[in-house]
2 protein chains.
Amino acid sequence: MNAPLLSISRRLRHTPFTRRVTEAGVKAYTVYNHMLLPTVFKSVEADYHHLKKHVQIWDVSCERQIEIKGPDAAKLMQMLTPRDLRAMTPGQCYYVPIVDATGGMLNDPVALKFDEEKFYISIADNDTLYWAQGIAYGFRLDVDVNEPDVSPLAIQGPKAEDLMARVFGESVRDIKFFKFRMYDFLGQSMAIARSGYSKQGGYEIYVDGTEYGEPLWDALMEAGADLNVRAGCPNAIERVEAGLLSYGNDMNWRNTPHECGLGRFCDTILAIGCVGRDALLRVAMEGPMRQIRSISIDGDKVPLCTNMWLAFVDGKEIGEITSAVWSPDFETNVAIGMIDREYWDDGTIIEVQTPDGMRKATVCEKSFI
Amino acid sequence: MNAPLLSISRRLRHTPFTRRVTEAGVKAYTVYNHMLLPTVFKSVEADYHHLKKHVQIWDVSCERQIEIKGPDAAKLMQMLTPRDLRAMTPGQCYYVPIVDATGGMLNDPVALKFDEEKFYISIADNDTLYWAQGIAYGFRLDVDVNEPDVSPLAIQGPKAEDLMARVFGESVRDIKFFKFRMYDFLGQSMAIARSGYSKQGGYEIYVDGTEYGEPLWDALMEAGADLNVRAGCPNAIERVEAGLLSYGNDMNWRNTPHECGLGRFCDTILAIGCVGRDALLRVAMEGPMRQIRSISIDGDKVPLCTNMWLAFVDGKEIGEITSAVWSPDFETNVAIGMIDREYWDDGTIIEVQTPDGMRKATVCEKSFI
């Protein structure tokens, strides 16, 4: 199945940047958190080469925020995740697996701590908001849990720092990875974090108020003209090369954080209060039965991976591929999949059932970049 | 903005019928509950005329089910909705507004009662599943709340009854509106309800198990060849003519059921246990300040309504249009919008700010069909 048309209605929410994205010639979208997320401007490959050389502005408004405010904010945050949040300080970003009572992954967001009584959770594609609201209501927590009018704009690519310094000042260069600081734009304060869904470096601006969207977009485009800045979006090739997981593609509620290779973010013994703690203590004792791996698939460019492809060794099913795409830089098909414990070691040769036939593939311990 | 391309990935889930839908020549999709929902086969207008004359098979798998099972199932159901569920009997479908603690609409699903300990909630586009799970966890209810492998297939149009009788037997003719019965298909039991997202009459089959999807599709297509059966989908024109609301388009969490014209489904005084009861008792006392209305908009075919259009009287903002489309049968633009109390009476003349200019419009008490 290649790209069909997308019927747009109000239900697929526009973002503060949609008009600019349209003017920039967006060719395709996906839908993410009930919102339009651009996927292609020139072509996935052209966008990829540009991202690795220059700087792009990404409308990632669809990374909606759950704002948790109030005296019990920190308590609710700890209920949601097996990561120990006690040492988290204001200005830090934490990657926090969010789990249900069975330890199943509900989401894999980045959380921002503003102070003891205010957090953002920048969520992947589902309404984890309702889970947080249901827990808050059920436990009568003193918190307000809502989706604010905050829309992240990502600046990604090797020239991102130069571009950001021109618009927000030299001090943005000092922001460390997974830290954020507050900056003013047109008199409005907004968080800027050193983060983003690529391995090319960059920032995410938590644009606080729809009305600031277009002025900020325009300011960045103008300031970056000689840096070859252009509109971009999370790139299907680069993110698989980088081993960046995509919730809903590479994992869902069936998987534990340990299966997703996120065991290092689970301090489950210390995460007292986490609703999935009992289940995850069990998982931590036994270890996961399968885990996410990067995989290279032999042969020419694979077809579009729109569904799970099963993986085999000697005719036995041993896993599944969930994302796969041709990498021009590595000259192989890069992929992400869930592989059974006995076959997940680096270099294991497996077979993958692609829509155009069985192919040889190799399990990789590390991502490509 | 006219239809761009949709980039498909595993995250936008295929359905048990996607292969058949593709073979039937689907032209466009939307994304609904993280799943592909067809929107156009021949053209929206051609599909509309066909739906009103013949019979169509709709892949509405995206109406995902929340299955609530266990001793506290009825208790949890009543916590979710202000509709009094005490008189609901097995085999009944109820339209149940689902509200949060402030009485805001979280969803407007149809619920099916199998017995005291088993319900389905056939949800509109959001993860109300997590709200139900959060409440169940918070209140330590003895229930299992999950999304089963059940995918509704709708049979809609004036010849739906004839087609269904051929495949499931004459007794389907006796199923009353918003009732369901269990039928066997290839040895598998599944609920069949007299319901659906059109006013042309028809059924929804709750296909229980992905593996039954294609055989059932094929059986219906074969049995209906001389009835001019074909693949269809919820139709953007027919549903607006019929005044069928679309969650996310015509309403969201900001609205109360009363604003959505669903006051008749709120027995709030009797709905003891509903989490939104206190807030809705207040609303019921004061009445809504604005309400959903059907609206006809003068002039030629309106542009695609992808965002809210504001409505005015004498230059004062008095509401908003959320869905609008040209109706070939009524030879006017039919629309749905939220109109302030002072202006919602039948026949009130208003002005609507469409992308191609201000137009005269008329508020209608009733839907067009």
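Residues numbered from 1 in each chain as written. Chains lettered and ligands numbered in written order. Predicted model: local features only at pLDDT ≥ 70, side-chain atom pairs only at ≥ 80, totals over all residues.

Some points on the overall build of chain A
Okay, step 1: On a plain count of helices and strands, chain A comes out with 8 helices and 22 strands.
Okay, step 2: What you see for chain A is a C-alpha radius of gyration of 21 Å, in line with the 21 Å of a compact globule of 369 residues.
Okay, step 3: In terms of its C-alpha atoms, chain A occupies a principal-axis envelope of roughly 65 × 50 × 40 Å.
Okay, step 4: A total of 369 residues make up chain A; the buried ones form 54% of that total.
Okay, step 5: By sequence separation, contacts in chain A at least 24 residues apart represent 67% of the contacts at least 6 residues apart. (Helix = DSSP H or I, 4+ residues; strand = E, 2+ residues; numbered from the N terminus. Rg over C-alpha atoms; globule rule 2.2 N^0.38 Å. Buried ≥ 20, exposed ≤ 12 C-beta atoms within 10 Å, placed from the backbone. Contact = placed C-beta atoms within 7 Å.)

Remarks on helix α8 (residues 277–286) of chain A
Residue and element names in this part refer to chain A.
Okay, step 1: Burial in α8 covers these residues: Arg277, Leu280 and Val283. For α8, the angular spread of the buried residues around the axis is 120°, confining them to a single face. Those residues of α8 that are exposed and aimed more than 90 degrees away from the buried face are Asp278, Met285 and Glu286.
Okay, step 2: In this fold, the buried residues of α8 make contact with β7 (98–99).
Okay, step 3: Phi for glycine 287, located one or two positions after α8, is positive at around 80°. (Arc of directions from axis to C-beta.)

Examining the environment of B:Gln188
Residues and elements named next belong to chain B.
Okay, step 1: Note that glutamine 188 resides in strand β14 (residues 188–193).
Okay, step 2: Expressed as a C-alpha distance, the spacing of glutamine 188 and histidine 258, which sit 70 residues apart in the sequence, is 40 Å.
Okay, step 3: Discounting chain neighbours no more than four positions away, the residues touching glutamine 188 are Asp208, Gly209 and Tyr212.

What to know about the relation of the copies chain B and chain A
Okay, step 1: Rotating chain B by 180° about the axis while translating it 0.0 Å along that axis superimposes it on chain A, leaving an RMSD of 0.0 Å. The superposition operator between the copies reduces to a two-fold rotation axis.
Okay, step 2: Both copies contact each other with a shared surface, as 100% of the interface residues of chain B are interface residues in chain A too. (Least-squares fit on C-alpha atoms with pLDDT ≥ 70 in both.)

Here we look at the nonpolar core
Okay, step 1: Core analysis: the biggest nonpolar cluster contains 236 residues, and A:Leu76 and B:Leu76 have the highest contact counts within it.
Okay, step 2: Each residue touching B:Leu76, except ones within four places of it in the same chain, is listed here: B:Ile68, B:Ala132, B:Ile135, B:Ala136, B:Leu141 and B:Val143. (Core = buried A, V, L, I, M, F, W, Y, C linked by C-beta atoms within 7 Å.)

As for the interface of chain B and chain A
Okay, step 1: Opposite the 46 residues of chain B that make contact, chain A presents 46 residues.
Okay, step 2: Elements with a contribution of two residues or more to the side of chain B that touches chain A: β1 (5–6), β2 (28–32), β3 (35–40) and α4 (128–138) of chain B.
Okay, step 3: It is α4(B) that contributes the most residues to the side of chain B that touches chain A, 8 residues altogether.
Okay, step 4: Its residues assigned to classes, the side of chain B that touches chain A comprises 22 nonpolar, 18 polar and 6 charged.
Okay, step 5: Taken together, the 2 bridges between strand β1 (residues 5–6) of chain A and β2(B) define a ladder with parallel strand orientation. Bridging from a neighbouring strand, A:Leu6 pairs with B:Tyr29 of β2(B). (Nonpolar A, V, L, I, M, F, W, Y, C, P; charged D, E, K, R; others polar. Pairing = 2+ DSSP bridges.)

Considering the domain arrangement of chain A
Residue and element names in this part refer to chain A.
Okay, step 1: Annotation of chain A at the domain level lists domain 1 (18–63 + 149–240), domain 2 (65–146) and domain 3 (290–369).
Okay, step 2: Inter-centroid distance (C-alpha atoms) of domain 1 to domain 3 is 31 Å.
Okay, step 3: Each partner contributes to the interface: domain 1 provides 5 residues, whereas domain 3 provides 8 residues.
Okay, step 4: In terms of residues, the side of domain 1 that touches domain 3 owes the most to one element, helix α7 (residues 236–241), which gives 3 residues.
Okay, step 5: Taken together, the residues of the side of domain 1 that touches domain 3 sort by class into 3 nonpolar, no polar and 2 charged. (Domains from an automatic or database assignment.)

Thoughts on the confidence of the model for chain A
Interpretation of this model should avoid reading the predicted coordinates in detail wherever pLDDT is low.
Okay, step 1: Here chain A averages 97 in pLDDT, while 99% of its residues score no lower than 70.
Okay, step 2: Scoring the predicted complex yields pTM 0.97 and, for the interface, ipTM 0.96. (pLDDT = per-residue confidence, 0-100.)

Overview of helix α4 (residues 128–138) of chain A
Okay, step 1: Taken across its 11 residues, α4(A) has 10 buried, putting it largely inside the fold.
Okay, step 2: All of the buried residues in α4(A) are A:Thr128, A:Leu129, A:Tyr130, A:Trp131, A:Ala132, A:Gln133, A:Gly134, A:Ile135, A:Ala136 and A:Tyr137.
Okay, step 3: Its buried side turned inward, α4(A) meets β5 (65–69), α3 (73–80), β7, β8 (105–107) and β11 (144–146) of chain A together with α4 of chain B.
Okay, step 4: Two residues or fewer past α4(A), A:Arg140 is found with a positive phi of approximately 50°.

Re the sheet that holds strand β15 (residues 202–208) of chain B
Residue and element names in this part refer to chain B.
Okay, step 1: Read from one edge of the open sheet, 6 strands run β13-β14-β15-β12-β4-β16, paired in mixed fashion. Two strands close off the open sheet at either side, each with one partner strand: β13 (180–185) and β16 (230–232). Each strand of the sheet is rotated relative to its neighbour by a mean of 30°, with strand direction disregarded.
Okay, step 2: Here β14 pairs with β15 via 2 bridges, running antiparallel. When the bridges of β15 are listed, isoleucine 192 appears paired with isoleucine 205.
Okay, step 3: Its contacts with the sheet place helix α2 (residues 44–53) against β4 (56–59), β12 (150–156) and β16, and it is angled at close to 115° to β16. (Axes fitted to C-alpha atoms, helices over the stretch in contact; angles between N-to-C directions.)

Re the pairing of strand β2 (residues 28–32) of chain A
All names here are of chain A.
Okay, step 1: Across the 5 residues of β2, 5 count as buried, placing the element largely inside the fold.
Okay, step 2: By the alternation rule, side chains of β2 split into Ala28, Thr30 and Tyr32 and Tyr29 and Val31, which are all buried.
Okay, step 3: Where β2 lies against strand β3 (residues 35–40), 5 bridges are found, and the strand directions are antiparallel. Among the inter-strand pairings, alanine 28 is bridged to a residue of β3, identified as valine 40.

With respect to the sheet that holds strand β6 (residues 93–95) of chain B
Pairing between sheet strands relies on hydrogen bonds along the backbone, with the strands arranged either parallel or antiparallel.
Residue and element names in this part refer to chain B.
Okay, step 1: The strand order β6-β9-β10-β5-β11 describes an open sheet built from 5 strands, whose pairing is antiparallel. Because the sheet does not close on itself, it has two edges, and the strands there are β6 and β11 (144–146). Across the sheet, the axes of successive neighbouring strands diverge by a mean angle of 20°, strand direction being ignored.
Okay, step 2: Of the strand pairs in this sheet, strand β5 (residues 65–69) and β11 are connected by 3 bridges, and their pairing is antiparallel.

Points about the environment of B:Arg86
Residue and element names in this part refer to chain B.
Okay, step 1: Position of arginine 86 among the secondary structure elements: in the loop between α3 (73–80) and β6.
Okay, step 2: Judged by the 10 C-beta atoms lying within 10 Å of it, arginine 86 is exposed.
Okay, step 3: For the pair arginine 86 and alanine 219, spaced 133 residues apart in sequence, the C-alpha separation works out to 38 Å.

Digging into unusual backbone geometry
Okay, step 1: The phi dihedral of A:Phe178 falls on the positive side, at around 65°, and the residue is not glycine.
Okay, step 2: Mapped onto the fold, A:Phe178 is located in the loop between α5 (160–168) and β13 (180–185).
Okay, step 3: Looking at A:Phe178, the number of C-beta atoms within 10 Å reads 14, which means it is partly exposed.
Okay, step 4: A positive phi angle, close to 50°, is found at B:Asp314, a residue other than glycine.
Okay, step 5: Mapped onto the secondary structure, B:Asp314 falls in the loop between β18 (309–313) and β19 (316–327).
Okay, step 6: Judged by local crowding, B:Asp314 falls into the exposed class, with 7 C-beta atoms found within 10 Å.

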